[in-house]
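Below are the chains, spelled out letter by letter.
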Amino acid sequence: MINRIKPELLAPVGDMERLESALNYGADAVYLAGKTFGMRAAPSNFSDEELAEAVKRCHEKGVKVYVTCNTIPHNDEIAELPRFLEHCQNVGVDAFIIADLGVMSMAKQYAPKVDVHISTQAGIVNYQTANAFYQMGAKRVVLARELSFPEIKEIRENTPQDLEIEAFVHGAMCMSFSGRCLLSSYLTGRDANRGDCAQPCRWEYTLMEGKRQGEYFDIQEEKGKTFIMNSRDMCMIDHINEILDCGITSLKVEGRAKSAYYVACITNAYRKAIDFTYENPGEPLPQWIHDEADKISHREYSTGFYMGTEPGQKTDTGSYIREYEVVAICEGYDEENKLAKLSQRNRFFKGQTADVLEPQSDVYEVKFDEIFDADMNPIDVAPHPTYTVYLKTDHPIKKGAYLRVKK
């Protein structure tokens, strides 16, 4: 019998700004990287000093910090690892996310007080492997993304209850098995297994016959070029009930290279979805929570392998769906004069309606009926980014709230 537990919400963090989004919008835990040994080199990531500050801020709010140490390091990198592991333990990191057995062994030696979570890169698809890692000292396993609900349930039923199970629920998917890919290394020299993927699976391709140099042929009939390896994004916002039935411990959102707004929006959406579903088992999700997943830039969604085999590739385009845009961020609210001070991000006009995403609140709408420039002159349009705009509104918009307009 699987216990129906309320799972942890694990948010991605690429820098201090994104950390604040995760903390403000309801994450139970965050995962992040130092300047080395993490699988995402694109974000700025965290220096030693920033990591210490990040752990301090998180622990003050009861939020756990997991450090990604999930690259496959080569010989010349190993010597740097003990110092990094010791530093993580000294500043109070809660767990390492590890893919490599050698790194796991060193973590046990140099940072024995820090829990070990086995990365999805380890490709765990059965309970025997999960149990083997548990016997080696793992606190948690992050399952491969290529698993269905029945398979996950079977793993849960055949592993110790104190072995935690983590699974991805939202974000970009890799066309290769659990992120084990060599395309980037071969085509660009950038090693995806050391955090530097150039994402060649997102490129558009044609065929050229070997004896007809320069003569290209469409791969897909009457469709032009094809994005034959381009994966859809995962979205499980409507399937929290099935996730709870599997006994998954932690729900992971992909996106350490994404924006602070992405972190805020998706963390908030899954926070609301988890809370609602846990308190109202079997009831459909309120529409506004479902809609939040569409208010970020994303590729066409799928449920990955959770429902079994589902078409995972989007071969006709590599573009994103962008139905909403952030037009302003609130910098404060003057209660006496009923004025919200906004910092513009995209152009907006008098008369438009925006919805507001703010910490600890449901989404609501405001209308730009009365807007003013920094000198309190009435205006009809906010013309350029970082322009200060005052909005007359009875609703006390919280500092840091995002105002969004449907395109």
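Predicted model only: the values in this text are computed from it and were never measured.

**Student:** How do you make sense of the overall build of the protein when you look at a structure like this?
**Tutor:** Per the secondary structure count, the protein includes eleven helices and 21 strands. Per-residue burial for the protein yields a buried fraction of 52% across its 407 residues. The long-range share in the protein, meaning contacts at least 24 apart out of those at least 6 apart in sequence, stands at 68%. Carbon and sulfur atoms make up 48% of the accessible area of the protein, which totals about 18,600 Å².

**Student:** I'm lost on the pairing of strand β20 (residues 388–392) in this one. Help?
**Tutor:** The side chains of a regular strand alternate between both faces of the sheet. Relative to β20, strand β14 (residues 339–344) runs antiparallel, the two sharing five bridges. Bridging from a neighbouring strand, Leu339 pairs with Lys392 of β20. One ladder, built from two bridges, connects strand β18 (residues 371–372) with β20; its direction is antiparallel. Following the sheet pairing, Ile371 is matched in β20 by Leu391.

**Student:** Before we go on, may I ask you to explain the pattern of salt bridges in this structure?
**Tutor:** Any two side chains of opposite charge can pair if their charged atoms end up close together. In the structure shown here, the tally under the stated rule is 23 salt bridges. Glu331 is paired through a salt bridge with Lys341; the nearest N and O atoms lie 3.9 Å apart. With Glu331 in strand β13 (residues 324–334) and Lys341 in strand β14, this pair connects stretches of sequence that are ten residues apart. Residue Glu331 is classed as partly exposed on the basis of its relative accessible area of 39%. What you see here is one network of salt bridges that share partners, running through Glu8, Arg140, Glu164, Glu166 and Lys252.

**Student:** When you look at the packing of aromatic side chains in this model, what are you seeing that I'm missing?
**Tutor:** The geometry of an aromatic ring pair comes down to the distance between the two centres and the angle between the two planes. Scanning the entire structure with this criterion turns up three aromatic pairs. Directly above the aromatic system of Phe168 lies the positively charged group of Arg145, at a separation of 3.8 Å from the ring centroid. In this arrangement the basic side chain of Lys252 is found over the ring face of Tyr31, its NZ or CZ atom lying 4.5 Å from the centre.

**Student:** Just checking my understanding: could you explain the sheet that holds β20 for this structure?
**Tutor:** By definition, the strands of a sheet pair up through backbone hydrogen bonds, in either a parallel or an antiparallel sense. With antiparallel pairing, the seven strands of this open sheet are ordered in space as β17-β16-β21-β13-β14-β20-β18. Strands with a single pairing partner mark the edges of an open sheet, and in this sheet they are β17 (364–367) and β18. In terms of strand pairing, strand β16 (residues 353–357) meets strand β21 (residues 402–406) through three bridges, oriented antiparallel. In the strand pairing of β21, Val356 is matched with Leu403.

**Student:** For this particular structure, what's the right way to read helix α2 (residues 48–60)?
**Tutor:** Since one α-helical turn is 3.6 residues long, residues separated by three or four positions face the same way. Here α2 is 13 residues long and its end C-alpha atoms lie 19 Å apart, about the 18 Å a rise of 1.5 Å per residue gives. Those residues of α2 not exposed but buried are Leu51, Ala54, Val55 and Cys58. Projection of α2 onto a plane perpendicular to its axis shows the buried side chains occupying an angular sector of 100°, all on one side. Opposite the buried face of α2, at more than 90 degrees from it, the exposed residues are Glu49 and Glu60. Phi turns positive, to about 75°, at Gly62, one or two residues after α2.

**Student:** What exactly am I supposed to notice about the environment of Asp294 here?
**Tutor:** Mapped onto the fold, Asp294 is located in the loop between α11 (287–292) and β12 (301–302). For Asp294, the contacting residues outside a window of four places in its chain are Tyr301, Glu323 and Tyr324.

**Student:** Got a minute to help me understand the packing of helix α4 (residues 81–91) against helix α5 (residues 101–110) in this structure?
**Tutor:** For any two helices packed against each other, one specifies the inter-axial angle together with the distance between the axes. Between α4 and α5, the least distance of the axes is 9 Å, while the angle of their chain directions is 55°. In terms of orientation, α4 lies oblique with respect to α5. You can see that α4 and α5 cross each other, and the crossing is right-handed. Note on element contacts: α5 touches α4 through Val103, Met106, Ala107 and Tyr110, opposite Leu81, Pro82, Leu85, Glu86 and Gln89. The class makeup of the residues in the contact of α4 with α5 is seven nonpolar, one polar and one charged.

**Student:** Please explain unusual backbone geometry as it appears in this structure.
**Tutor:** Most peptide bonds adopt trans geometry, and most residues besides glycine take a negative phi value. Positioned with a positive phi, Met376 is a non-glycine residue whose angle comes to about 65°. Within the fold, Met376 resides in the loop between β18 and β19 (381–382). With a phi angle near 70°, Thr386 is a residue other than glycine that sits in the positive phi range. Topologically, Thr386 is positioned in the loop between β19 and β20.

**Student:** Help me out: how do you make sense of helix α7 (residues 149–157) in this one?
**Tutor:** All buried positions along α7 are accounted for by Phe149, Ile152, Ile155 and Arg156. Buried residues along α7 cover an arc of 125° about the axis, so they all sit on one side. In α7, the exposed residues that point more than 90 degrees away from the buried face are Pro150 and Glu157. Residues of α7 that are buried make contact with α6 (127–135), β7 (164–171) and α9 (240–245).

**Student:** Hey, could you run me through the packing of α2 against α4 in this one?
**Tutor:** Contact geometry for α2 and α4: axes closest at 9 Å, N-to-C directions at 30°. The angle between α2 and α4 falls in the class roughly parallel. At the point where α2 passes α4, the crossing takes the right-handed sense. Only Arg83, His87, Cys88 and Val91 of α4 make contact with α2, whose side of the interface consists of Asp48, Leu51, Ala52 and Val55. Of the residues assigned to the contact of α2 with α4, the class counts are five nonpolar, one polar and two charged.

**Student:** For this particular structure, what's the right way to read the environment of Ala293?
**Tutor:** Assignment of secondary structure puts Ala293 in the loop between α11 and β12. With 26 residues separating them in the primary sequence, Ala293 and Thr267 have C-alpha atoms 9.9 Å apart. Setting aside chain neighbours within four positions, we find Ala293 in contact with His170, Cys235, Ile237, Ile266, His298 and Tyr301.

What counts and how
- Residues numbered from 1 in each chain as written.
- Predicted model: local features only at pLDDT ≥ 70, side-chain atom pairs only at ≥ 80, totals over all residues.
- Heavy atoms only, no water.
- Helix = DSSP H or I, 4+ residues; strand = E, 2+ residues; numbered from the N terminus.
- Buried < 20%, exposed > 50% of the residue type's maximum accessible area, 1.4 Å probe, protein only.
- Contact = heavy atoms within 4.5 Å.
- Areas by Shrake-Rupley, 256 points an atom, 1.4 Å probe, with all protein chains shown as cover.
- Pairing = 2+ DSSP bridges.
- Salt bridge = Lys/Arg side-chain N within 4 Å of Asp/Glu carboxyl O.
- Phe/Tyr/Trp six-rings, centres within 6.5 Å; stacked < 30°, edge-to-face > 60°.
- Lys NZ or Arg CZ within 6 Å of the ring centre and 35° of its normal.
- Expected span 1.5 Å × (residues − 1).
- Arc of directions from axis to C-beta.
- Axes fitted to C-alpha atoms, helices over the stretch in contact; angles between N-to-C directions.
- Parallel < 35°, antiparallel > 145°, perpendicular 65-115°, else oblique.
- Left-handed = near helix turned anticlockwise from the far one by under 90°.
- Nonpolar A, V, L, I, M, F, W, Y, C, P; charged D, E, K, R; others polar.

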